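Summary of structural features
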Amino acid sequence: MPESEQELADVQREHWQQTYGEHPGMYGEKPSEPAVHAAAVFRAARTGDLLELGAGHGRDALFFAREGFTVLATDFSPVGLEQLREAAGVQGLAERVTTAVHDVREPLPLADSSVDGVFAHMLLCMALSTNEIHALLAEVRRVLRPGGVFVYTVRHTEDAHYRTGAGHGDDIWEHGGFAVHFFSRELVDSLAQGWRLQEVHAFEEGDLPRRLWRVTQTLPG
């Protein structure tokens, strides 16, 4: 990784650590709308074991556990995951949720074909280069069982913050301290090569509002 990319990654990791520390449970307890949708998709696919990438303090991981899934929640923020573990204990979900500190720039800490489904809400559009995103998709493909489902969301190039703030190249723009890789449709399609692309659904979230795509794709069986 070029030094500039490593520096950006380190700054963003520290920024998220500080953010979770200063704002515990910052996204609340209610699950995201993409997680609610994903749970229905996973149930229809007879999914049991889930991997969540970028779980943060765990509102979606805890929701999946309440819905009966077994969840491995990963994030590069130990602070966020500690909040997740505490909430899982309080809610009686500790047996259904495990956590692992993990940077998605590294190989996933799972064996080949070991999970039924993967969920990532706005993780892929963090400060990751296009090459790093493709490498992550290869890892997701590796750990999914045949027929497994991947549901992810990303901010895209029609978002109001695209091309505002500090530019880092590769469609990565930093606004308010948060660096975002804004996705083009071409990038979504390239990431779906070798998969069954089931849906690219446009939606909005937050006060700006942020403009996102919810992408569902299945690994051929």
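Below, the structure is looked at part by part. (Residues numbered from 1 in each chain as written. Predicted model: local features only at pLDDT ≥ 70, side-chain atom pairs only at ≥ 80, totals over all residues. Heavy atoms only, no water.)

1. Some remarks on the overall build of the protein
What counts here: Only DSSP runs of H or I reaching four residues or more are called helices, and only runs of E reaching two or more are called strands; each is numbered from the N terminus. Relative accessible area decides the class of each residue, using a 1.4 Å probe on protein chains only: under 20% of the type maximum gives buried, over 50% gives exposed, and in between gives partly exposed. The accessible surface values rely on the Shrake-Rupley method and a 1.4 Å probe; as for residues, cover is taken only from the protein chains in view.
A count of helices and strands for the protein gives six helices and ten strands. Going through the 221 residues of the protein one by one, you find that 48% of them count as buried. Accessible surface, the protein as shown: approximately 10200 Å² in total, 49% of it carbon and sulfur.

2. Focus: the sheet that holds strand β5 (residues 144-155)
Heads up, the rule is: At least two bridges found by DSSP between two strands are what make those strands a pair. Axes, fitted as lines to C-alpha atoms, cover a helix only where it is in contact. Angles between the N-to-C directions of the axes lie from 0 to 180 degrees. Should any heavy atoms of two residues lie within 4.5 Å, those residues are considered in contact.
A sheet is described by the order of its strands in space; here seven strands give the open sequence β3-β2-β1-β4-β5-β10-β9, paired in mixed fashion. At either margin of the open sheet sits one strand with a lone partner, and together these are β3 (97-101) and β9 (196-205). On average, adjacent strands in this sheet sit at an angle of 15° to one another, irrespective of strand direction. Pairing analysis gives three bridges linking strand β1 (residues 49-53) to strand β4 (residues 115-121), with the strands arranged parallel. Looking at β4, one finds that Leu50 is bridged to Gly117. In the packing of helix α4 (residues 78-90) onto the sheet, contacts are made with β2 (70-75) and β3, and the angle to β3 comes to roughly 170°.

3. Concerning the pairing of β4
Looking along a regular strand, one sees side chains alternate from face to face of the sheet. Formally: Looking down the strands as they point away from the viewer, one classifies a crossover as right-handed if the path from the first strand across the helix to the second runs clockwise.
Of all seven residues in β4, seven are buried, a share of seventy percent or more. Pairing of β4 with β5 involves six bridges; the strand directions are parallel. Paired with Phe119 across the strands is Val151, a residue of β5. Handedness of the β-α-β unit built from β4, helix α5 (residues 130-143) and β5 comes out right-handed.

4. Remarks on helix α3 (residues 59-66)
Extensive coverage of α3 is indicated by the burial of seven of its eight residues. The complete set of buried residues in α3 reads Arg59, Asp60, Ala61, Leu62, Phe63, Phe64 and Ala65. Those residues of α3 hidden inside the fold are in contact with α2 (33-44), β1, β2, α4, β3 and β4. Looking one or two residues past α3, Gly68 carries a phi angle of roughly 105°, positive in sign.

5. Re the pattern of salt bridges
Stated precisely, the cut-off is as follows: For salt bridges, the criterion is a side-chain nitrogen of Lys or Arg within 4 Å of an Asp or Glu carboxyl oxygen.
Considering all chains together, one arrives at 13 salt bridges under this definition. One salt bridge in this structure joins Asp103 and Arg105, with 3.0 Å as the shortest N-O distance. Here Glu205 and Arg210 are joined by a salt bridge, their closest N and O atoms 3.2 Å apart. A relative accessible area of 16% places Glu205 in the buried class. In this structure Arg210 comes out as partly exposed when scored by relative accessible area, which is 24%. Put simply, Asp49, Asp116 and Arg145 are held in one network by salt bridges that share partners.

6. So, the packing of aromatic side chains
For clarity, the threshold we go by: Geometry of aromatic contacts follows a simple scheme: Phe, Tyr and Trp rings, the Trp one being its six-membered ring, pair when their centres are within 6.5 Å, and the pair is stacked under 30 degrees between planes, edge-to-face over 60, tilted otherwise.
Scanning the entire structure with this criterion turns up eight aromatic pairs. Ring-pair connections join several aromatic residues into one group, and the members of that group are Phe42, Phe63, Phe64, Phe69 and Phe119.

7. What to know about the side chain of Glu205
Tracing the backbone through its elements, the reader meets Glu205 in strand β9. Excluding residues within four positions of it along the chain, Glu205 makes contact with Pro34, His121, Met122, Arg210 and Leu212.

8. As for the environment of Leu110
Here Leu110 lies in the loop between β3 and β4. The exposure class of Leu110 is partly exposed, given its relative accessible area of 21%. Linking Leu110 and Leu72, residues 38 residues apart in sequence, is a C-alpha distance of 9.9 Å. Contacts of Leu110, omitting those with residues within four sequence positions, involve Leu51, Leu72, Val115, Arg142 and Val143.

9. Concerning the pairing of β3
One ladder, built from five bridges, connects β2 with β3; its direction is parallel. Opposite Val71, over in β3, you have Val97 as the bridge partner.

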